[in-house]
Amino acid sequence: MEPLGTFDIIIRVLYQFTSVWIALIILFAVSIAFKRRLGLYGKLFDSPIGMIGFALVMFWVFTGIFGALDLIVTHDPLAQISGMKNKVPGTPLPDPEEGQYGWYLLGGDNLARDVFSRMVSGAWVVVQIAPLATLFAFMVGITLGLPAGYYGGRLDTLLSFLANLILAFPVILLFYLLVTPEIVATGVPNYMATVLFVFPIVFVGVLLNSRYYTQPGFRTPLLIGVLGVMAWLYLSLISEVGTKVAILPGVLDIFDIPGGILVVFVSVVFVNSPTVFRIVRGLAMDIKTRDYVAAAQTRGEGPWYIMLWEILPNARGPLIVDFCLRIGYTTILLGTLGFFGLGLPPESPDWGSTINEGRKLLSIYLHPALPPAFALLSLVLGLNLLADGLREESLKD
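None of the values given here were measured: they were computed from a predicted structure.

Can you walk me through the overall build of the protein chain in this structure?
Scanning the protein chain from N- to C-terminus turns up 17 helices and 2 strands. Computed over its C-alpha atoms, the radius of gyration of the protein chain comes to 24 Å, within 12% of the 21 Å expected for a compact globule of 397 residues. Principal-axis analysis of the C-alpha atoms places the extent of the protein chain at approximately 80 × 50 × 40 Å. Counting across all 397 residues of the protein chain, residues that qualify as buried make up 49%. Once local pairs closer than 6 in sequence are excluded, the contacts in the protein chain between residues at least 24 apart make up 71%. By element, 69% of the accessible surface of the protein chain is carried by carbon and sulfur atoms, the whole surface being about 19200 Å². Measuring between centres, the 24 positive side-chain charges of the protein chain sit 11 Å from its 27 negative side-chain charges.

Any chance you could explain the packing of helix 10 (residues 199-212) against helix 11 (residues 216-238) here in plain terms?
Geometrically, a packed helix pair is captured by the angle between its two axes and the distance between the axes. The geometry of helix 10 relative to helix 11 is characterised by a closest axis approach of 10 Å and an angle of 170° between their N-to-C directions. Between helix 10 and helix 11, the angle falls in the class roughly antiparallel. Along its contact with helix 10, which presents Pro200, Ile201, Val204, Gly205, Leu208, Asn209 and Tyr212, the element helix 11 presents Pro216, Phe218, Arg219, Leu222, Leu223, Val226, Leu227, Met230, Ala231 and Tyr234.

Would you mind showing me how to read the pattern of salt bridges here?
Pairs may arise between side chains of opposite charge once their charged atoms sit close together. Under the defined criterion, the tally for this structure stands at 11 salt bridges. Between arginine 36 and aspartate 46 there is a salt bridge, and its shortest N-O distance comes to 3.0 Å. One end of the pair, arginine 36, is in the loop between helix 2 (18-33) and helix 3 (39-43); the other, aspartate 46, is in the loop between helix 3 and helix 4 (48-68), with 10 residues separating them in the sequence. Judged by its relative accessible area of 63%, arginine 36 is exposed. By relative accessible area, aspartate 46 is classed as partly exposed at 35%. Residues joined in a network through salt bridges with shared partners are Asp109, Arg113, Arg118 and Glu357.

How should I be thinking about the packing of aromatic side chains in this particular structure?
What describes a pair of aromatic rings is the distance from one ring centre to the other and the angle between the planes of the rings. Within this structure, the stated rule accounts for 19 aromatic pairs. Their ring planes at 75° and their centres at 5.8 Å tell us that phenylalanine 17 and phenylalanine 116 sit as a pair that is edge-to-face. Here the residue phenylalanine 17 occupies a position in the loop between helix 1 (6-16) and helix 2, and phenylalanine 116 occupies one in helix 5 (residues 115-151), the gap between them amounting to 99 residues. With relative accessibility at 4%, the residue phenylalanine 17 sits in the buried group. Classification of phenylalanine 116 by relative accessible area gives buried; the value is 0%. Plain terms: the ring middles of phenylalanine 45 and phenylalanine 54 are 5.7 Å apart, the flat faces sit at 80° to each other, and that makes the pair edge-to-face. For the pair phenylalanine 45 and phenylalanine 54, a shared accessibility class is recorded, and that class is buried. A connected cluster of aromatic rings, assembled from ring pairs, spans Phe17, Trp21, Phe59, Trp60, Phe116 and Trp351. Above the face of the tryptophan 103 ring, arginine 12 is positioned so that its terminal group lies 4.3 Å from the ring centre.

Even after reading the chapter, I still don't get a nonpolar patch on the surface, so can you show me in this structure?
Together, Phe7, Ile10, Ile11, Leu14, Trp21 and Ile25 make up an exposed nonpolar region whose accessible area comes to about 610 Å². Sort the elements by how many residues they give to the nonpolar patch and helix 1 lands first, with 4 residues. With respect to the element layout, tryptophan 21 can be found in helix 2.

I tried to follow the side chain of serine 353 on my own but got confused; where do I start?
With respect to the element layout, serine 353 can be found in helix 16 (residues 351-359). Of the residues examined, serine 353 reaches a relative accessible area of 7% and is grouped as buried. Side chain to side chain, serine 353 and aspartate 350 meet in a polar contact 2.8 Å long. Leave out the neighbours within four places in its chain, and serine 353 touches Gly338, Phe339 and Ser348.

Could you clarify how one ought to interpret the side chain of asparagine 86 in this entry?
Along the chain, asparagine 86 falls in the loop between helix 4 and strand 1 (91-92). Take asparagine 86: its relative accessible area is 10%, and that puts it in the buried class. Engagement of the side chain of asparagine 86 in a polar contact is seen with the backbone nitrogen of asparagine 110, the distance being 3.3 Å. What asparagine 86 contacts, discounting residues up to four positions off in sequence, is Gly108, Asp109, Asn110, Leu361, Tyr365 and His367.

Looking at this model, I keep getting lost on unusual backbone geometry. Mind explaining?
Glycine aside, residues mostly have negative phi angles, and peptide bonds mostly take the trans form. Although it is not a glycine, aspartate 70 adopts a positive phi angle of roughly 60°. In this fold, aspartate 70 is placed in the loop between helix 4 and strand 1.

Where do I start with the nonpolar core in this structure?
Within soluble globular proteins, side chains that are nonpolar generally end up buried alongside one another. Phe17, Phe116, Met119, Phe197, Ile311 and Trp351 are the most contacted members of the largest nonpolar core, which totals 96 residues. Ranked by the residues each element gives to this core, the list is headed by helix 5, at 17 residues. Among all residues touching phenylalanine 17, those that are not within four sequence positions of it are Phe59, Thr63, Ile72, Phe116, Met119 and Val120. Ile81, Met84, Leu93 and Tyr104 belong to the second-largest nonpolar core, a separate cluster that totals 5 residues.

Would you mind showing me how to read the environment of leucine 106 here?
Mapped onto the secondary structure, leucine 106 falls in the loop between strand 2 (103-104) and helix 5. Classification of leucine 106 by relative accessible area gives buried; the value is 17%. Counting along the chain gives 281 residues from leucine 106 to alanine 387, while the straight-line C-alpha distance between them is 31 Å. Every residue in contact with leucine 106, bar those within four places of it in the chain, is listed here: Ile9, Val13, Pro89, Val115, Phe116, Met119, His367 and Pro371.

So, how was this worked out
- Residues numbered from 1 in each chain as written.
- Predicted model: local features only at pLDDT ≥ 70, side-chain atom pairs only at ≥ 80, totals over all residues.
- Heavy atoms only, no water.
- Helix = DSSP H or I, 4+ residues; strand = E, 2+ residues; numbered from the N terminus.
- Rg over C-alpha atoms; globule rule 2.2 N^0.38 Å.
- Buried < 20%, exposed > 50% of the residue type's maximum accessible area, 1.4 Å probe, protein only.
- Contact = heavy atoms within 4.5 Å.
- Areas by Shrake-Rupley, 256 points an atom, 1.4 Å probe, with all protein chains shown as cover.
- Lys, Arg positive; Asp, Glu negative; His and termini not counted.
- Charge placed at Lys NZ, Arg CZ, Asp CG, Glu CD.
- Axes fitted to C-alpha atoms, helices over the stretch in contact; angles between N-to-C directions.
- Parallel < 35°, antiparallel > 145°, perpendicular 65-115°, else oblique.
- Salt bridge = Lys/Arg side-chain N within 4 Å of Asp/Glu carboxyl O.
- Phe/Tyr/Trp six-rings, centres within 6.5 Å; stacked < 30°, edge-to-face > 60°.
- Lys NZ or Arg CZ within 6 Å of the ring centre and 35° of its normal.
- Patch = residues over 30% accessible without salt bridge, like charges linked within 9 Å, V, L, I, M, F, W, Y side chains within 5 Å.
- Polar contact = N/O pair within 3.5 Å; in protein donor to acceptor, adjacent residues only side chain to side chain.
- Core = buried A, V, L, I, M, F, W, Y, C linked by side-chain atoms within 4.5 Å.

Listed below in structure tokens is the structure:
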């Protein structure tokens, strides 16, 4: 087979993303058709900047999902093919097997692995970790920030001191300490996961109880069912055979999270939670003086009802914007960790690790480092543009 030219490479790369293009077209068509019924999300499609950012973000989200389903990748991202070391984009395989894709579309890296497939697989690593870790950080920050801002006093002083204590550490140094093998061997990340991952259960439990406390016949079975499922998921997340925290037997443990990913996940949640806490605390201190909060207090509503159903909904604009920006920060942190070889396994196709491996020969071969670097740049750019669009529309709301 002959090497592919630049035009052929572009056409073949675009073709590999066919499932992503179809998903984006369907998503945008449905969203624009029903945007007047979709609240703040629907108003996002009135903002050109927001739409561009949303398209970039969803492109990589769909790429990660469809890549994990083997609908985009052309080769195994971990497989090494003899003779393809550092080959330029469009190089044909020397002796392809039947049914095997015949080219390395974006070339091979220094271990003869397909750069295109590793870039696509790296999107799945980001899609798995960054949004979920940010969501968990928000659960922690909201659960602690609301009472700190609403009650004030000693509770606020204590929680603010702990948040400032964590924020006093340089982020990279704190990450480095948490993901080093010596710290991991002590079980500290597992114990941190045990504490941090309980906050979503607390948040959901208080949310439902405060909303339906006047309907005990409905509230009690609802809480038992929801919290029972969440407790099982919680134990499955923190329990890992062979670690310091092994609670569930293997039959009941539905999650098999690699140790490196769990450590990185916990580190991201731990580092981001204090910042979210301070934002939520400030918003709660401001909103609690509003008239509708005073009206809820006059009606005899409880403190948690006021915090979760009066203050929190009216703080959604700034929190949604910060959520998008924080996913971008988390993506950069994941890339930084991978670049320094911390946390995730060395063979992981995450973008940071791939960039680090490609930079070693950057003066000779550009192609191994550029695709993951461009992917990281475009995703973070999309998140920033999405946050700008949401900020504009939330101010109009």
